[in-house]
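Observations on the model geometry
The primary structure of each chain is shown beneath.
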Amino acid sequence: MRIGIIGAGAVAYGTAAFLAQAGHDPMLWSPSGKRTVELAAGKPLVAKSAINGSFPVRVATSCADAVEQADAVMIALPGYGHKFALEAAAPHVREGQPVIISSHTSFSALYLSRLLAARGIRAPVIAWGTTLTTGSQTSLTEVNVNTVREKLDLATVPQSAIDDGHALCTTLFGNRFVKRDGLLAIALSNLNPQNHLGIALLNLTRMERGEQWGQGENITPTVGRLIEALDEERLAIAKAFGLSVRTVREHFSLSFHVPMAGVSEMNQEMHRQGRGGFGPKTVNSRYILEDVPFGLLPTVLLGRLTGSPATLHESGIAIFSAAYGRDFTQENDLLPALGLEQLSAAELQRLARTGYPPV
Ligand SMILES: NC(=O)C1=CN([C@@H]2O[C@H](COP(=O)(O)OP(=O)(O)OC[C@H]3O[C@@H](n4cnc5c(N)ncnc54)[C@H](OP(=O)(O)O)[C@@H]3O)[C@@H](O)[C@H]2O)C=CC1
Ligand SMILES: CC(C)(CO)C(=O)C(=O)O
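Parameters and conventions
- Residues numbered from 1 in each chain as written.
- Chains lettered and ligands numbered in written order.
- Predicted model: local features only at pLDDT ≥ 70, side-chain atom pairs only at ≥ 80, totals over all residues.
- Heavy atoms only, no water.
- UniProt positions renumbered as here; feature names shortened; annotations may be inferred.
- Helix = DSSP H or I, 4+ residues; strand = E, 2+ residues; numbered from the N terminus.
- Buried < 20%, exposed > 50% of the residue type's maximum accessible area, 1.4 Å probe, protein only.
- Pairing = 2+ DSSP bridges.
- Near = heavy atom within 4 Å.
- Polar contact = N/O pair within 3.5 Å; in protein donor to acceptor, adjacent residues only side chain to side chain.
- Areas by Shrake-Rupley, 256 points an atom, 1.4 Å probe, with all protein chains shown as cover.
- Nonpolar A, V, L, I, M, F, W, Y, C, P; charged D, E, K, R; others polar.
- Domains from an automatic or database assignment.
- Salt bridge = Lys/Arg side-chain N within 4 Å of Asp/Glu carboxyl O.
- Arc of directions from axis to C-beta.
- Contact = heavy atoms within 4.5 Å.

Per an unreviewed UniProt entry, the protein carries the name 2-dehydropantoate 2-reductase and comes from Paralcaligenes ureilyticus. Looking at the Catalytic activity (unreviewed entry) heading of the UniProt record, one finds this comment for the protein: "(R)-pantoate + NADP(+) = 2-dehydropantoate + NADPH + H(+)". One UniProt comment on the protein, placed under Pathway (unreviewed entry), says "Cofactor biosynthesis; (R)-pantothenate biosynthesis; (R)-pantoate from 3-methyl-2-oxobutanoate: step 2/2."

Next comes the structure, spelled out in structure tokens:
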């Protein structure tokens, strides 16, 4: 199948390599065009570690090109680019053309649903709780894939498209998808914000000093405990909505193929196996710039709606805002555009299942 990938970073490259290896035809779109210059000039995409190989991949000349030539579209870039990317893609989406968002963040699936509804279009939006691959882009043509996840959670907007969405993802990426009970379950399943709050807050000086530091090995027992405490808040919110979501321990075990244990122990094991990865070498990292406004903030909103206060999440936003000298509560461009604060928990849950009806 032809897949138009909106984004050309680590996840887009890793996913493109996976798809090409599986015999599909991925096409990448870099919003600035800068990341794909060498691929566009005919160099192959080289993947290393968990995926190994050299793959010719197509490069789109515009967002329209990536969407119009594709059987399905995937949004694969950080949350701070979602509004821009969705606004660029939505005008070109066809009736019934599936759009996968990986990883889904801050109700971006609802934002896309509203853009499509305004055009009178019905197209299923498939939201994944996380990404297929993890890793880093080591050059304009190379990606180091740290892992290919064993299990991935998905939901669709509208949720009535879940069986078709599941079948499509299985055709493209194999038998690894778990259907979840609506977009809210996925909104509460992206664990990067909690993981990165623990990891970045307690290693911030390493980042600021530009050190090279192993991430897994620095998820020491205190970091692991903070991540587990954050997880308790998220699980309480999911429970208040009556939703079943994965625990952070299950996430690490299924994502990184290590036996279930405490978060710190699993990360130490990943490090021992040479798969602990590296932490960010700058404070200008998506661990904060994406995950605080687009991850922690929506979870705080869901906590307020359900009367399950996310005190540690809220504290994380306040601490990072103070440390960075900026107000991260003002840096989410999706929540104000959607106006979800005005809804009750029941109204939000309903909207997350149905999406916006075409006008
Ligand atoms: N990397 C990983 O291991 C993991 C990543 N994730 C999540 O997956 C998503 C993608 O991550 P990853 O690929 O690593 O991210 P990258 O930072 O590598 O993504 C870079 C891509 O995003 C585009 N981009 C960045 N900022 C903007 C913006 N403001 N507007 C429009 N486009 C923008 C870049 O555009 P251009 O091409 O023009 O430079 C580029 O195509 C994120 O949400 C991340 O949190 C989740 C788990 C693991
Ligand atoms: C390793 C980490 C924390 C991301 O940085 C993770 O949980 C993931 O990639 O899913």
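Structure shown, so let's carry the discussion forward.
Next up on the list: the environment of Gly-23. On the secondary structure map, Gly-23 appears in the loop between helix H1 (10-21) and strand S2 (25-29). Judged by its relative accessible area of 61%, Gly-23 falls in the exposed class.

With respect to burial, strand S10 (residues 142-148) is a largely interior element, five of its seven residues being buried. One ladder, built from four bridges, connects strand S3 (residues 45-49) with S10; its direction is parallel. If you follow Val-46 over to S10, its bridge partner there is Glu-142. Two strands pair when backbone bridges link them, and strand S9 (residues 133-137) and S10 are joined in this way by five bridges, in the antiparallel orientation. What sits directly across from Gly-135, in S10, is Val-145.

Around ligand 1 lies a shell of 22 residues, among which Ala-8, Ser-30, Ser-32, Arg-35 and Glu-290 are the nearest. One of the backbone N or O atoms of Ala-8 is found 2.8 Å from an oxygen atom in ligand 1. Protein coverage of the free-state accessible area of ligand 1, which is 910 Å², stands at 83%. Elements with a minimum of two residues in the shell around ligand 1: H1 and S9. The class makeup of the residues in the shell around ligand 1 is eight nonpolar, ten polar and four charged. Each of domain 1 (2-187) and domain 2 (192-341) accounts for three or more of the residues forming the shell around ligand 1.

In total, this model carries 15 salt bridges according to the counting rule given. Residues Asp-25 and Arg-58 are paired through a salt bridge, measuring 3.1 Å at the closest nitrogen-oxygen approach. Of this pair, Asp-25 sits in strand S2 while Arg-58 sits in strand S5 (residues 58-59), placing them 33 residues apart in sequence. With its nearest N and O atoms 2.6 Å apart, the salt bridge here joins Arg-234 to Asp-231. Residue Arg-234 and its partner Asp-231 are located together in helix H10 (residues 221-240), separated by three residues, close to a single helical turn. Grouping residues by exposure puts Arg-234 and Asp-231 together as buried. Shared partners join several salt bridges into a network, and the residues in it are Asp-153, Arg-180 and Arg-246.

This part is about helix H12 (residues 263-272). Inspection of H12 places Val-263, Ser-264, Met-266, Asn-267 and Met-270 among the buried residues, and these make up the whole buried set. When H12 is viewed along its axis, its buried side chains cluster within an angular range of 165 degrees and face the same direction. Facing away from the buried side of H12 by more than 90 degrees, the exposed set consists of Glu-265 and Arg-272. Buried residues in H12 make contact with H10 and helix H11 (248-256). Gly-274 sits one or two residues past H12 and shows a positive phi near 80 degrees.

Attention shifts here to the site of ligand 2. Around ligand 2 sit Thr-134, Arg-149, Asn-192, Asn-195, His-196, Ile-199, Gln-215, His-251, Phe-252, Phe-256 and Tyr-287, and those are all the residues in its vicinity. At 2.7 Å from an oxygen atom of ligand 2 is found a side-chain nitrogen or oxygen belonging to His-196. Expressed as a share of its isolated accessible area of 280 Å², the protein-covered part of ligand 2 is 90%. Examining the composition of the shell around ligand 2, we find that four residues originate from one element, helix H8 (residues 192-201), more than from any other. Of the residues contributing to the shell around ligand 2, the split by class is four nonpolar, six polar and one charged.

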